[in-house]
Amino acid sequence: MTNPFSKIRQFYQETVVELKKAAWPTRSELKGSLIAVFVAIALLGAFVSLADFAIYNVVDLLTRLVRGE
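Bear in mind that the values here come from a model prediction, so they are computed numbers and not experimental data.

Visitor: Explanation requested: the overall build of the protein chain in the structure shown.
Guide: What the protein chain contains, in helices and strands, is 2 helices and 0 strands. Against the globule reference of 11 Å for 69 residues, the protein chain gives a C-alpha radius of gyration of 27 Å, more extended than a compact globule. Oriented by its inertia axes, the alpha-carbon framework of the protein chain measures out at about 80 × 45 × 10 Å. Out of the 69 residues belonging to the protein chain, those deemed buried represent 0%. Of the roughly 6,800 Å² of accessible surface on the protein chain, a fraction of 70% belongs to carbon and sulfur atoms. Measuring between centres, the 8 positive side-chain charges of the protein chain sit 13 Å from its 6 negative side-chain charges.

Visitor: Before we go on, may I ask you to explain the pattern of salt bridges in this structure?
Guide: For side chains of opposite charge, pairing can occur when their charged atoms come near one another. In this structure the tally under the stated criterion is 2 salt bridges. For K21, the salt bridge is made with E18, and the minimal N-O distance between the two is 3.3 Å. With K21 and E18 both in helix α1 (residues 4-21) and 3 residues apart, this pair spans about one turn of that helix. Look at K21 and you get exposed, because its relative accessible area is 60%.

Visitor: How should I be thinking about the environment of G45 in this particular structure?
Guide: Residue position: G45 is located in helix α2 (residues 27-67). On the basis of relative accessibility, which here comes to 34%, the residue G45 falls in the partly exposed class.

Conventions used here
Residues numbered from 1 in each chain as written. Predicted model: local features only at pLDDT ≥ 70, side-chain atom pairs only at ≥ 80, totals over all residues. Heavy atoms only, no water. Helix = DSSP H or I, 4+ residues; strand = E, 2+ residues; numbered from the N terminus. Rg over C-alpha atoms; globule rule 2.2 N^0.38 Å. Buried < 20%, exposed > 50% of the residue type's maximum accessible area, 1.4 Å probe, protein only. Areas by Shrake-Rupley, 256 points an atom, 1.4 Å probe, with all protein chains shown as cover. Lys, Arg positive; Asp, Glu negative; His and termini not counted. Charge placed at Lys NZ, Arg CZ, Asp CG, Glu CD. Salt bridge = Lys/Arg side-chain N within 4 Å of Asp/Glu carboxyl O.

Have a look at this one:
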């Protein structure tokens, strides 16, 4: 019967080896990516808010027309 902790140790060692191979971004690259993500989130949030407002008003208008108000 094999030691169950040997597989955990092997996994940890392989993980460390793979993380050393990774190309980590520099601080300036990370800052640029972060700004791009925040701008994208802001634009998407604005689009969703505008679309929600527009759809709400269209449905409200159609509801008023059907009810005859």
